[in-house]
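Report on the structure
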Amino acid sequence: MSRGLEEAFRYVDHSQERFIADLVELCRQPSVSTSGEGMAEMPEALTRMLGRYGFSVRVIPTGGYPIVYGEIDVGADRTLLCYKHYDVQPPDPLHQWDSPPFEPTVRDGKLYARGVADVKGGIASFLHAVDALRQGVGSIGVNLKFLIEGEEEVASRHLEEAVLGNKDLFSADVCIWENAFKDHQDRPMIRIGNKGMCYLELRARNLRIDHHSRWAAVLPSSAWDLVWALSSLKDRHEHVLVDGFYDGVRPVTPDEQRVLESLAMDAEPLKRESGASRLLNGAEGGRLAEMLYTRPTCNIAGMVAGYTGEGSKTVLPAEAVAKLDLRLVPDQDPVDIYNKVKRHLEERGFAGIEVRMLSATWPSKTPVSHPFVQLVLKAGEMAYGVQPVVEITSAGSGPRYVFSQWTDMPMVALGVGYAGSQNHAPNENIRIKDYLEGVKHLAATLYLYSRALTPHGEVRDCETGG
């Protein structure tokens, strides 16, 4: 490791108090896109903080919450884009928090606050990595662009329009994506993809109004129609029965298969945390990782029909509704899947069920063998002392496709959380030790990339070089 990067790492350790104070400042400001709480104030807070770290900042209006965009141009021949989001999940249920969600609190080496892991810790860590590199090495050596959107938690509704309308502004050679975590075995991870999603609403309505259930002998049941329709979509072995559903699935490459085998996930922590007595289809070890990261899914996210309150009410529901999220893998297309689900139901006698697509997200994945992926792994080894493991894709979805549909720049996620960060749940937290290591990982990534032989990230011997 170079002397300059060693100095940058020491600077991170010595700056812990100030760095955590910055993160507390960001987390103290609510920014709940679902309700709008604090969303007008958050871009102002980000503008001030990015300015403190040398970014020129502009707030870009969208059809919803604005994008905060920061830039540092050092005249380099390569540019790195960092994507994050400033909106957070609602903090409910509040009674399950041990300290108020927007009053950041340090306990037992952890910082608790809504958004600290997802993903305000990621925002602050990038700023702190830039600061550390300047102090330790003397310069950044690469042009930086920082895109922080305000609608990731509500499906990034206006990101695509904003990015496609400003391609020159957001173009770059490589991209640091939103987030990654240490896994259940406390191994640092990087993530190089996202599943897509087709989010559907199915609505059965056979009657004008609810009826007394004595009429169930002769009147059609919306609830049963919906149940029968749903049961036709998937079998008991998790195989989706929609004709052509798997047609677009891209085969796993040999490189990806080796990564999946190296993950060898332990099923026991997942069973303990979830309360599940078993995992589906005997998912264990490498098979667990293979199922989680490479299989598309068809999930019932919610169902409602008739009376579900306390006690009894004998009713024949006029309407029944279900929400489905279908997680997709490369190269499945959510619009194609929507059309196939509609045709599947029509051909099986459920033409009366209304099918609406509420949102669509396309899968996106950077190859494991890409030079920038290998660069980030080398940087991780310098920061953690061990090479991170690779998630070839997130089991969840995100807006990577907004970029991958018009540019081939590699996108790699790294982060500051861990398996117990409790994203989207009460008592969201990060460990301060992980935060400092995450800052070092980012600093090492910027350092190696500034010395890359190609804009895509092929590097010299990372143990030497000034």
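Residues numbered from 1 in each chain as written. Predicted model: local features only at pLDDT ≥ 70, side-chain atom pairs only at ≥ 80, totals over all residues. Heavy atoms only, no water.

What about the overall build of the chain?
Regarding its fold elements, the chain presents 14 helices and 19 strands. Taking 23 Å as the expected radius of gyration for a compact globule of 466 residues, we find that the chain reaches 24 Å, a close match to that expectation. Viewed in the frame of its principal axes, the chain has a C-alpha envelope of about 80 × 45 × 45 Å. Of all 466 residues assigned to the chain, the portion counted as buried reaches 53%. For the chain, restricting intrachain contacts to residue pairs at least 6 apart in sequence, the fraction spanning at least 24 positions comes to 77%. Put simply, the chain shows about 20000 Å² of open surface, and 49% of that area lies on carbon and sulfur atoms. (Helix = DSSP H or I, 4+ residues; strand = E, 2+ residues; numbered from the N terminus. Rg over C-alpha atoms; globule rule 2.2 N^0.38 Å. Buried < 20%, exposed > 50% of the residue type's maximum accessible area, 1.4 Å probe, protein only. Contact = heavy atoms within 4.5 Å. Areas by Shrake-Rupley, 256 points an atom, 1.4 Å probe, with all protein chains shown as cover.)

Focus on the confidence of the model for the chain
Overall, the prediction assigns the chain a mean pLDDT of 94, with 98% of residues at 70 or greater. In this model, residues 462–466 is a region of pLDDT below 50 whose contacts with residues beyond four sequence positions or in other chains number eleven contacts. (pLDDT = per-residue confidence, 0-100.)

Structural notes on a nonpolar patch on the surface
Residues Trp224, Val227, Trp228, Ile300 and Met303 make up a contiguous nonpolar surface patch of about 520 Å² in total accessible area. When residues of the nonpolar patch are traced back to their parent elements, those giving at least two are helix H7 (222–231) and strand E11 (299–305). For the nonpolar patch, the element with the highest residue contribution is H7, accounting for three residues. One can find valine 227 in helix H7. (Patch = residues over 30% accessible without salt bridge, like charges linked within 9 Å, V, L, I, M, F, W, Y side chains within 5 Å. Salt bridge = Lys/Arg side-chain N within 4 Å of Asp/Glu carboxyl O.)

So, the environment of glutamate 152
Mapping glutamate 152 onto the fold places it in the loop between strand E6 (143–149) and helix H5 (159–164). Classification of glutamate 152 as buried rests on a relative accessible area of 14%. When the C-alpha positions of glutamate 152 and aspartate 87 are compared, they lie 6.8 Å apart, and in sequence the two are 65 residues distant. Ignoring anything within four residues of it in the chain, the contact list for glutamate 152 reads Tyr83, His85, Asp87, Glu178 and Pro399.

Section: the packing of aromatic side chains
The final tally for this structure, using the stated rule, is twelve aromatic pairs. An angle of 45 degrees between the planes, with centres 6.4 Å apart, marks the rings of phenylalanine 55 and phenylalanine 126 as tilted. Note that phenylalanine 55 is positioned in the loop between helix H3 (42–52) and strand E1 (56–60) and phenylalanine 126 in helix H4 (residues 116–137), a separation of 71 residues in sequence. Taking relative accessible area as the criterion, phenylalanine 55 reaches 5% and is therefore assigned buried. For phenylalanine 126, a relative accessible area of 0% puts it in the buried group. (Phe/Tyr/Trp six-rings, centres within 6.5 Å; stacked < 30°, edge-to-face > 60°.)

Some words on the nonpolar core
Within the largest apolar cluster, 87 residues are counted, with the highest numbers of intra-cluster contacts made by Phe55, Leu80, Phe126, Leu144 and Tyr435. At eleven residues, helix H14 (residues 432–450) tops the list of elements feeding residues into this core. Other than its neighbours up to four places away in sequence, tyrosine 435 contacts Phe19, Ile20, Leu23, Gly121, Ala124, Ser125, His128, Val416 and Ile430. Core analysis: the next-biggest nonpolar cluster, separate from the first, contains 24 residues, Val242, Phe245, Ala322 and Leu324 among them. (Core = buried A, V, L, I, M, F, W, Y, C linked by side-chain atoms within 4.5 Å.)

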